[in-house]
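Residue strings, one per chain:
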Amino acid sequence: MSPLIEFRGVTKSFGGTAALSDVDLAVEAGEVFAVIGHSGAGKSTLVRLVNALEKVTSGSLLVDGVDITTLPERRLREVRLGIGMVFQQFNLFRSRTVFANVAYPLKVAGWAKADRAERVTELLNFVGLVDKAWQYPDQLSGGQKQRVGIARALATNPRILLADEATSALDPETTGEVLRLLKRVNTEFGVTIVVITHEMEVVREIADRVAVLEGGRVVEVGPLHEVFADPRQRITQRFVQTVLRDRPDAEALARLRERHPGRLVTARLRDDQRIGAVLSAAGSRGVRFEVVHGAVRELGAASFGSLTLELVGPDDGVAEVVAGLRAVTEVEEVGR
Ligand SMILES: Nc1ncnc2c1ncn2[C@@H]1O[C@H](COP(=O)(O)OP(=O)(O)OP(=O)(O)O)[C@@H](O)[C@H]1O
């Protein structure tokens, strides 16, 4: 099956400066695909190309097998009807009720009044806001506003939902609620979701696959568990680190050093990399170990993380234990 959204060698320049350079990406139907990057990496530009608010400078962009870069405006409107958008600042009409906000795209699409009312009620039920139908956006919390935004985006039954920093204005707890709602949109309605974010926690909560964007280029892409377990690019490692906090930062390291004078090593943990046997055997070499820092998380069916260990004992014994660890996993010396 061909991908639902496909970038083929897409470059987008603004006045000679490339916001996106030679991007290849394929989003499969039914998945939640996250695009992560720092401010200015080109994330919003990527979204604006998919819903044809901007035109590619070169390359092609296929939505459901159709190259939208060559479509006339009339046909682009049809493509846009199949794409819902959720925004960071919600973009609700403040002067209209919740009901009218959700009904708006149906009105534009020419739905009859009775059909609109039925559909809006269905959507408000889905997002849990039926009791707020006659309130105005200013009377709602941020999380409620975004739930209205999601209901509105789904009104015309789009196959694709683009969520551009949809949770960036929300506190962590509300972020979790909104992400769980988006996940339900994906699993219950089969809507393909592209999530744009600068937060790895968002990626971890919701994505099936993730692409890392840096300076307008895709520098890493893969299934969530692979990218988390084995981030290859420095930028990806830093993003993963923001979620896992499994390695001591400079300050933590300085504190650890004061209390733990032995040799400190950080060993990566994955389901297929077992360090238990190596550590059990350390005693027979006269080596003691302490776990001084670390974190292990589960992601789907896999566990990953890392542990920082202090090894104390005769130098050759410690060296043997480190070699034993290196034989089964990746090991980094810490602060030597
Ligand atoms: N309409 C435009 N005109 C000129 N330059 C633009 C335009 N839109 C984006 N850019 C530039 O393209 C680059 C990528 O911007 P983009 O908004 O896509 O990044 P982003 O990753 O979404 O960042 P942010 O999260 O800050 O919005 C930036 O250098 C930006 O200044």
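Residues numbered from 1 in each chain as written. Predicted model: local features only at pLDDT ≥ 70, side-chain atom pairs only at ≥ 80, totals over all residues.

As recorded by an unreviewed UniProt entry, the protein carries the name Methionine ABC transporter ATP-binding protein and is attributed to Actinokineospora bangkokensis. In the Sequence similarities (unreviewed entry) part of its UniProt record, the protein is described as follows: "Belongs to the ABC transporter superfamily." (UniProt positions renumbered as here; feature names shortened; annotations may be inferred.)

Before going further, it helps to examine the environment of G42. Turning to its location among the elements, G42 is positioned in the loop between β3 (32-36) and α1 (43-50). Using a count of 22 C-beta atoms within 10 Å as the deciding quantity, one classes G42 as buried. Counting along the chain gives 23 residues from G42 to A19, while the straight-line C-alpha distance between them is 5.4 Å. In this structure G42 touches A19, L20, G37, L213 and G216, once residues within four positions along its chain are discounted. (Helix = DSSP H or I, 4+ residues; strand = E, 2+ residues; numbered from the N terminus. Buried ≥ 20, exposed ≤ 12 C-beta atoms within 10 Å, placed from the backbone. Contact = placed C-beta atoms within 7 Å.)

Attention shifts here to the UniProt feature "domain: ABC transporter" (unreviewed entry) in the protein. If you check UniProt for "domain: ABC transporter" (unreviewed entry), the listed places come out as residues 5-240 in our numbering. The distance separating the terminal C-alpha atoms of residues 5-240 is 26 Å; by composition the span is 40% helix and 27% strand.

Let us look at the environment of S58. Structurally, S58 can be placed in strand β4 (residues 58-63). The exposure class of S58 is exposed, given the 11 C-beta atoms found within 10 Å. Spatially, the C-alpha atoms of S58 and L179 are 34 Å apart, while their sequence positions differ by 121 residues.

Turning to the domain arrangement of the protein, a few remarks are in order. As far as domains go, the protein holds domain 1 (5-243) and domain 2 (246-333). For domain 1 and domain 2, the distance between their C-alpha centres works out to 40 Å. Of all the elements, helix α8 (residues 224-229) adds the most residues to the side of domain 1 that touches domain 2, at four residues. (Domains from an automatic or database assignment.)

Attention shifts here to the nonpolar core. Soluble, globular proteins show a tendency: their nonpolar side chains are buried together. In terms of nonpolar packing, the biggest core is built from 91 residues, with V102 and V195 touching the most fellow members. Two domains each provide a minimum of three residues to this core, namely domain 1 (5-243) and domain 2 (246-333). With near-sequence residues (within four places) excluded, V102 lies in contact with V120, L123, L124, V148, A151, R152 and A155. (Core = buried A, V, L, I, M, F, W, Y, C linked by C-beta atoms within 7 Å.)

In space, the four strands of this open sheet follow the order β2-β1-β4-β5, with antiparallel pairing throughout. Only two strands of the sheet have a single partner each, and these edge strands are β2 (17-27) and β5 (66-67). In terms of strand pairing, strand β1 (residues 5-14) meets β4 through five bridges, oriented antiparallel. Across the sheet, E6 pairs through a bridge with L62, a residue of β4. (Pairing = 2+ DSSP bridges.)

This part takes up the packing of helix α5 (residues 142-154) against helix α6 (residues 172-189). For the pair α5 and α6, the least separation of the axes is 9 Å and the interaxial angle reads 15°. Classified by the interaxial angle, the pair formed by α5 and α6 is roughly parallel. Along this stretch, α5 crosses α6, giving a crossing that reads as right-handed. Counting all contacts with α5, which are made through G142, G143, Q146, R147, I150 and L154, the residues of α6 involved are T174, E177, V178, L181, L182 and V185. Residue classes in the contact of α5 with α6 are distributed as six nonpolar, four polar and two charged. (Axes fitted to C-alpha atoms, helices over the stretch in contact; angles between N-to-C directions. Parallel < 35°, antiparallel > 145°, perpendicular 65-115°, else oblique. Left-handed = near helix turned anticlockwise from the far one by under 90°. Nonpolar A, V, L, I, M, F, W, Y, C, P; charged D, E, K, R; others polar.)

Burial runs high along strand β8 (residues 192-197): six of the six residues are buried. Residues of β8 alternate between two faces, with T192, V194 and I196 on one and I193, V195 and T197 on the opposite face, all of them buried. As judged from the five bridges shared by β3 and β8, these two strands associate in the parallel manner. Along β8, the bridge assignment pairs F33 with V194. Pairing geometry for strand β7 (residues 160-164) and β8, over five bridges, is parallel. What sits directly across from L161, in β8, is I193. Handedness of the crossover joining β7 and β8 through α6: right-handed. (Right-handed = clockwise from strand over helix to strand, strands pointing away.)

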